[in-house]
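If you want the building blocks of each chain, they are given just below.
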Number of protein chains: 2
Amino acid sequence: MQVAFVQMEPRFGYPEANLEKVLAMMESKPAELYVLPELFASGYVFISPDEVAKAADKVGDGLVYRTIADFAKARKCAVIYGFPEKASEGYFNSSLFVDEFGNHKLYRKIHLFFEEKQYFLPGNSPLGTIAYRDTKLGMMICFDWIFPETARCLALAGADIICHPVNLVMSYCQDSMKTRSIENRIFTITANRIGEEKRGDKGFKFTGKSQITDCEGNVIYRADVDKEEIFTADINIEDARNKRVNDLNDLFGDRRVEYYNRLGETIDGIHQ
Amino acid sequence: MQVAFVQMEPRFGYPEANLEKVLAMMESKPAELYVLPELFASGYVFISPDEVAKAADKVGDGLVYRTIADFAKARKCAVIYGFPEKASEGYFNSSLFVDEFGNHKLYRKIHLFFEEKQYFLPGNSPLGTIAYRDTKLGMMICFDWIFPETARCLALAGADIICHPVNLVMSYCQDSMKTRSIENRIFTITANRIGEEKRGDKGFKFTGKSQITDCEGNVIYRADVDKEEIFTADINIEDARNKRVNDLNDLFGDRRVEYYNRLGETIDGIHQ
C-alpha cells in the first residue's frame, strides 16, 4: 500500500489557505492513504471557546470535509485528518477517515494535552479499527502516544497501521513511536506540523520530524524539523500480520494477560 | 540513592569464577543497590535439562545466594541478580532481591524468550514492588521489556526504579527502555552481559550497552558493547513520584481505563 504523510505549517484562522496548500501537496504525490496533521486547517493555539466554536465542523459537514471527500473520490484514495469537531455534547479534538466511497469514520482524542482540556471534551471513541482495501487502520491523535495502552489496544484490535495526526511540541514522541512499532509489530505514520504559533501570551513551537516506521521499529523516513514536505512509502501490510519475533515467540500469543490486572486500575494524580 | 549496574561476561559452567568476578567489581564501587545480569553465575546457553538442574538453586540456598547475602550484609546494601531457580514445580528463570537485613524477594520471568521455553516454566510472579529504604523497586527480566504491560504494571504498583537483569541478544531493547521511562516516569537499570557463548551448535552474541535511564527517558549512562564494567549513579527517587508532564497532565491520572478493555484479551498466535 502506498501511504503518505503531509508535514506543513498551518496558519491560524485561515482554513481555506491551509486546505489549498495541503491539497496541492497531496496532488503532487499519488498515494492510497494520506495522513495529515492534527487540527491541520484550523491551527492549534486557541485562546477562547468562541474561536473553537468558529473553527469547528460537524462530522461530514463543512468546507474541509467536502474538499477532502471530493479529493478522495477523484483520486480513489483515503485521507485521515485532524479537525475541531462540533458535536451535540460540545467540542472534540477529532480525526476523520474519509475514503473514495464516501465512507467516513471518526476518532475523538481520548488523552487531551495541556490546555486542550480547556477547549475540548475528552474523547469517547472506542479504540477500534477501520477496514480500508486490504488493511486495518487505527487512529490516534498526538498525546495519545505516551499512553502505551492506546497503540496496544489498536494493535490488539487488528490495526496494521497506526495513523497518527499530531501537533507535537515535545521531543520525545518520534523515537518512542519506534517502540510502539516494535512492541506491536505495526507500521506507524506520524504526521506533524511545523512552525511557531503565537497567540496573545500563548504559543508553541512544533517539532516537525514527521515519520513512518516499519514493523520492526525502523524509521523508513523522517522529515526535517522545519520544512513542509509530503513523503510517500510503499509498505507491505503482510509484515504487520506476522507477530512472530522468532520460531518460539509471538508478541500477542505470549502476552500473560492474567498478570496484567493492574492495567485496569485508576490512579488519580500522583501515585501512592 | 546510589545505584549500580554490573556488566560482565559469565563463563558457562563456572559459577564460582563468575561470582568472584562480580564480587570484586561490586567491592570496587560502593552503592546502595546493585543490579546484575540475568543468569549471571550460570551462563545462558543451556543445551540440556540436566544442565539446568545442575546449575539451579532453591531460593535462599546455594553458594551464589549465600555469597551475595553476605556481601549485602557486610556492605549494607541490596543486590538484585538473575539465577536459574529450582522449585517444586520445576525450574524458573528468576531474579532475587537480597538486602542487608536478610530479606529476599523473588521474581520469576513471565515472558520467556525463545528456547528458554524448553528449559524453564513460565513465571508465576505477580508484578509487584519491593520496599527498600525510601524506594519501591520493580523487577523484570530481559524479554519482559517488549511487553509494555510489564513495566506499566510495575509502575502502577508504585515502582520508582525498574531493575532489569538481562542477557540481550537483540538490539532493540536499550532504546525502548527510554520509552518505558518516559511513559511511566520511572528510572530503569538494565544490567546486560557481554561476549559470545557457544555451546554445541547453539550460541548467542550478547549486546552489552547496559544502561541507566532517568524518569524522562534520558540515558544517564550507557556502557560499551563489549567491556566489563560497573557503573554507579546517584538518582533522586522523588523524580519518579511526580507523574506530571505539565500543570494539566498527569501520566497516571490521565489514563482512560474505560477505553483500554482490549488489554484483557488473549490472542493466540497470529492475530485475526
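These lines cover the structure that appears in this document, whether it is placed above or below. (Residues numbered from 1 in each chain as written. Chains lettered and ligands numbered in written order. Predicted model: local features only at pLDDT ≥ 70, side-chain atom pairs only at ≥ 80, totals over all residues. Heavy atoms only, no water.)

**Digging into the relation of the copies chain B and chain A**
In screw terms, the move from chain B to chain A is a rotation of 180 degrees and a rise of 0.0 Å along the axis, fitting with an RMSD of 0.0 Å. Here the transformation between the copies is reduced to the relation of a two-fold axis. Here 100% of the interface residues in chain B have copies in chain A that are interface residues too; the copies meet face to matching face. (Least-squares fit on C-alpha atoms with pLDDT ≥ 70 in both. Contact = heavy atoms within 4.5 Å.)

**Regarding the side chain of Arg-255 of chain B**
Here Arg-255 of chain B lies in the segment after strand 16 (249-250). For Arg-255 of chain B, a relative accessible area of 6% translates into the label buried. Setting aside residues no more than four positions away along its own chain, Arg-255 of chain B makes contact with Phe-147, Glu-149, Leu-263 and Glu-265 of chain A together with Arg-152, Leu-156 and Tyr-260 of chain B. (Helix = DSSP H or I, 4+ residues; strand = E, 2+ residues; numbered from the N terminus. Buried < 20%, exposed > 50% of the residue type's maximum accessible area, 1.4 Å probe, protein only.)

**Let's talk about helix 5 (residues 148-156) of chain A**
Across the nine residues that make up helix 5 of chain A, a large majority, nine, are buried. Listed as buried for helix 5 of chain A are Pro-148, Glu-149, Thr-150, Ala-151, Arg-152, Cys-153, Leu-154, Ala-155 and Leu-156 of chain A. Check the buried side of helix 5 of chain A and you find it contacts strand 6 (129-132), strand 7 (135-139), strand 8 (161-165) and helix 6 (173-184) of chain A together with helix 5 (148-156) and helix 6 (173-184) of chain B. With its phi angle positive at about 110 degrees, Gly-158 of chain A sits one or two positions after the end of helix 5 of chain A.

**Regarding the sheet that holds strand 4 (residues 91-98) of chain A**
Backbone-to-backbone hydrogen bonds join strands into a sheet, with any given pair of strands oriented parallel or antiparallel. Residues and elements named next belong to chain A. The strand order across the open sheet built from six strands is 5-4-3-2-1-14, with neighbouring strands paired in mixed fashion. Each edge of the sheet is formed by a strand with only one pairing partner; in this case those strands are strand 5 (104-108) and strand 14 (229-234). Mean inter-strand twist for the sheet, computed between neighbouring axes without regard to direction, equals 25 degrees. Sheet analysis places strand 1 (residues 2-7) next to strand 2 (residues 33-35), joined by three bridges and oriented parallel. If you follow Phe-5 over to strand 2, its bridge partner there is Val-35. (Pairing = 2+ DSSP bridges. Axes fitted to C-alpha atoms, helices over the stretch in contact; angles between N-to-C directions.)

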